[in-house]
Amino acid sequence: MTNKEAQAVLQRAQRDPVWWVRHILGADPWAKQVTILESVRDHQRTAVRSGHGLGKTAVAAMTALWWLFSHPDSIVITTAPTWPQVENLLWREIRQLHTNARVPLGGKPLKTSLELSDKWYALGLSTNEPERFQGFHAEHLLLIVDEASGVDQGIFNASEGFLTGPHARALLIGNPTQVRGEFYEAFKSPLYAKIQISGFDSPNVTEGPNTRPYLTSPEWIDDKRIKWGEGTPLWQSRVVGEFPDQGEDMVFPLSWIEHAQHRSPVREGAIHFGVDVARFGTDASVLAVRQGPDIVHLEQHHQWDTTAVAGWIAQAAKQWHPQSIRVDADGLGAGVYDLLKAQGLPVVEIHSGTAAKDPEQFLNRRAEWYWGLRERLDPQLAAQPMALPTDEDLLAQLTSLHYKFTARGQVQIESKDDLRKQGLPSPDCADAVCYAMAETQGRSVVIGAASTTQVPQWVQGLQSAAQMAVVAGHGQLPMPVTVKPQKKVAALDCPQCGMALTRHNSRGQWWCPDHGWQERS
């Protein structure tokens, strides 16, 4: 073969990956695998979310070998969430395809590497050392991230330098298991070509049983329908190839927030502000306006100092006439609180890290407030689920929050610092909404008024001013003191909104923050 003929074959391989895979590698990609190969050829970034057993790792291996052997002096970098996945899944496929190629390819694949020259190679890397993903340079460079949903954001950040050249490519592929991170965001980004593979796309479903015995079968789908149920997170992720509505540790399922953003607010009831003041340059200062049971307005500004933020909130107060302005008074928020207080506005300082009213269940007020917000959005718990404004930042922040349990069994919500370590934005909008709703959450977490100290029963049993004077140090207490048993009053649900009410007066009326005093019918 002349050099001219060799160049012609090489050019054919570069422009027709399916031809190369079939005639050189000897593999037989099915329709969706063909789509993926051609997408990597045509687009700098490709994201593939796939159900289980549909050949996603196999097509990643085909893509790696095609790129490596069709582009001289190219580099292929592969990774996965764990080292066993790198070594035993993707690279096992690479080794098998290389060994069984119809035309000898050259080079000898090791467990996680295949070297053709010092500047021409493929390499598998683990994800516990992000710094190893820096420093690779080649005109034709391909990054393959297998099971991309489980790979830490730090890896994507470190490897971003791969994609600076016009001939660089990235393939993110895997089951869509987590509604967060680079893999999830890729399907909302215009930078990525997006491909979905459902179990119902399998040739065994569309063309007939056992068309390709190694792919998902109708029997497997029927079995999972019985075991998991349609619409469950496992069904969505592993059968349909969709991101689940809720990870097990998500505070807010995606569907809850989307539904809330499509609801029309009632636009009745008292006005309350929730204010989150930015702490860092990339964070935002956010105002959330609550009216009755809903958030009716959300506004944010970046890089404003405390004076500017205070002026903005004061101006908004003239428009909305809020009954309370709840300001996160930790850090820079303290300055905003002082400036608003000096103007005589109904400002309340709140501290999310303080002890919860229910310390048995919640680590702190932050956890207690967020859990109450969760209950207001839960269509199974709330008689009238709240409405939220349509805001992409709010949607992303609420659905990125996760919770865990402490050793004492208390609910703990991820902090802003936790989210930053994961490369996620600060939940400024989410926090402002949380503060605005705190007073009327399902657990009646009351902020913005003088706190009522829990009074021991012996204090409640003091029946006269004389007895109180004795306790204060004047005179002697007559003995014995009769302690009146406290009459328990059955709780009441608000007849208008269904909220469980906990505050009542001596006239037997119960207080609903949204609808005022209510009486039993």
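Before going into details, it helps to say that this report is about the structure given with it. Source: prediction; values computed, not measured. (Residues numbered from 1 in each chain as written. Predicted model: local features only at pLDDT ≥ 70, side-chain atom pairs only at ≥ 80, totals over all residues. Heavy atoms only, no water.)

1. Quick notes on the pairing of strand 5 (residues 141-146)
Each regular strand shows side chains that alternate between the opposite faces of the sheet.
Stage number 1. Of all 6 residues in strand 5, 6 are buried; the element is thus mostly enclosed.
Stage number 2. Relative to strand 6 (residues 169-174), strand 5 runs parallel, the two being bridged by 5 bridges. Each bridged residue has a counterpart across the sheet, and for Leu 143 the counterpart in strand 6 is Ala 170. (Buried < 20%, exposed > 50% of the residue type's maximum accessible area, 1.4 Å probe, protein only. Helix = DSSP H or I, 4+ residues; strand = E, 2+ residues; numbered from the N terminus. Pairing = 2+ DSSP bridges.)

2. Observations concerning the packing of aromatic side chains
Stage number 1. A full pass over the atoms with the stated rule returns 11 aromatic pairs.
Stage number 2. Between Trp 304 and Trp 312, the aromatic rings sit 5.7 Å apart at their centres with planes inclined by 85°, giving edge-to-face as the arrangement.
Stage number 3. We classify Trp 312 as buried; its relative accessible area is 9%.
Stage number 4. A connected cluster of aromatic rings, assembled from ring pairs, spans Phe 183, Tyr 184, Phe 187 and Phe 243.
Stage number 5. In this structure, Arg 374 packs its charged tip against the face of Trp 371, placed 4.6 Å from the ring centre. (Phe/Tyr/Trp six-rings, centres within 6.5 Å; stacked < 30°, edge-to-face > 60°. Lys NZ or Arg CZ within 6 Å of the ring centre and 35° of its normal.)

3. Quick notes on the nonpolar core
Stage number 1. Counting residues in hydrophobic clusters, the biggest one holds 69 residues, and the most contacted among them are Phe 252, Tyr 370, Leu 373, Leu 377, Leu 388, Leu 398 and Val 433.
Stage number 2. Per-element accounting of this core gives the leading share, 8 residues, to helix 17 (residues 428-437).
Stage number 3. One finds Val 18, Trp 20, Ile 36 and Ile 94 within the second-largest nonpolar core, a separate group that totals 44 residues. (Core = buried A, V, L, I, M, F, W, Y, C linked by side-chain atoms within 4.5 Å.)

4. Structural notes on the environment of Val 336
Stage number 1. For Val 336, the location among the structural elements is in helix 13 (residues 333-342).
Stage number 2. Considering only alpha carbons, one finds Val 336 and Val 347, 11 residues apart in sequence, at a separation of 9.7 Å.
Stage number 3. With near-sequence residues (within four places) excluded, Val 336 lies in contact with Val 277, Thr 306, Val 309, Ala 310 and Val 327. (Contact = heavy atoms within 4.5 Å.)

5. Notes on the pattern of salt bridges
Stage number 1. Counting across every chain of the model gives 16 salt bridges.
Stage number 2. The partner of Glu 147 in a salt bridge is Lys 56, and the shortest N-O contact between them spans 3.8 Å. Remark: Lys 56 occurs in helix 4 (residues 56-70) and Glu 147 occurs in the loop between strand 5 and helix 6 (153-159); sequence separation between them is 91 residues. The pair formed by Glu 147 and Lys 56 is uniform in burial state, with each residue classed as buried.
Stage number 3. Overlapping salt bridges, with partners in common, bring together Asp 276, Arg 366, Lys 416, Asp 428 and Asp 431 in one network. (Salt bridge = Lys/Arg side-chain N within 4 Å of Asp/Glu carboxyl O.)

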